[in-house]
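Spelled out, the chains give:
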Amino acid sequence: AVCDVYDAITSTRAYKQAWDPSASIQRMSQWKGSFDPDLFQSFVRCIGIYPVGTLVKLESGKMGVVIDQNPRSLIKPRVKVFYSTTTGMPVNRYVLDLASPDCSDKIVSRELAEKWGFENLQDLWMGNA
C-alpha cells in the first residue's frame, strides 16, 4: 500500500500533476493510520527524506537534484549541482556528497522546478546530463 500510494501521488495522471517526491513523503507521514508505521519507516529509509529527483537549494546558494541516497545519513544525499541562485546562472555540473567529511554544504530547502523555470530535471538524476 505504501509503494502504491507513493507511486500514484508522484506520477502525472490525466486528472492531476505529479507531486514532488520529498513533499509526498512529508504528506504521507501526516496520514496517521493509513500505513503500518514500521513499514512506512522502512520505506522512508529506502528512498530517503529527499528522494531521487528532488530539487534542493543548498546553504551555499547552489541548486541541485538528488541523484542517490546516502546510507550514512538520510538528510545528506548525493546531489548533482547545476545552478547558482546567487548569480542566477548555470554552473559546471558536479556531484556533491553531502555526507562527506570534507563537505560543509547542506540542504536548506526543497524547491519546485516550476518556480525556477527548470525543465527536464529527470535528465540530471537519470545521468543523461
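What counts, and where the lines are drawn
- Residues numbered from 1 in each chain as written.
- Predicted model: local features only at pLDDT ≥ 70, side-chain atom pairs only at ≥ 80, totals over all residues.
- Heavy atoms only, no water.
- Salt bridge = Lys/Arg side-chain N within 4 Å of Asp/Glu carboxyl O.
- Helix = DSSP H or I, 4+ residues; strand = E, 2+ residues; numbered from the N terminus.
- Buried < 20%, exposed > 50% of the residue type's maximum accessible area, 1.4 Å probe, protein only.
- Pairing = 2+ DSSP bridges.
- 1 Å grid on protein atoms, 1.4 Å probe; cavity = no way out; pocket = protein on both sides within 12 Å on 5 of 7 lines; lining within 4 Å.
- Points joined across faces, edges and corners; volume = space filled by probe spheres on them.
- Nonpolar A, V, L, I, M, F, W, Y, C, P; charged D, E, K, R; others polar.

Caption draft 1: Local environment of the pattern of salt bridges. On inspection of all chains with the given rule, the structure shows five salt bridges. Across the pair Lys-106 and Glu-59 runs a salt bridge, and its minimum N-O distance is 4.0 Å. Of this pair, Lys-106 sits in the loop between β4 (89–97) and β5 (107–110) while Glu-59 sits in the loop between β1 (55–58) and β2 (62–68), and the two are 47 residues apart along the sequence. Its relative accessible area of 46% is what places Lys-106 among the partly exposed residues. The exposure class assigned to Glu-59 is partly exposed, which follows from its relative accessible area of 49%.

Caption draft 2: Geometry of the pairing of β1. Pairing analysis gives three bridges linking β1 to β2, with the strands arranged antiparallel. Its bridge partner lying in β2, Val-56 is registered against Gly-64. Linking two consecutive strands that pair antiparallel, namely β1 and β2, is a turn of three residues; a positive phi of about 95° is found at Gly-61 within it. As defined by bridge partners, β1 adjoins β5 across three bridges and the pair is classed as antiparallel. Residue pairing across strands places Val-56 opposite Arg-110, the latter belonging to β5.

Caption draft 3: Up close: the layout of surface pockets. Of the pockets and cavities examined, the largest pocket occupies roughly 550 Å³. What lines the largest pocket is a set of 22 residues, and nearest its centre among them are Ala-18, Asp-20, Pro-21, Ala-113 and Glu-114. Here the residues of the lining of the largest pocket are counted per class, giving 11 nonpolar, six polar and five charged.

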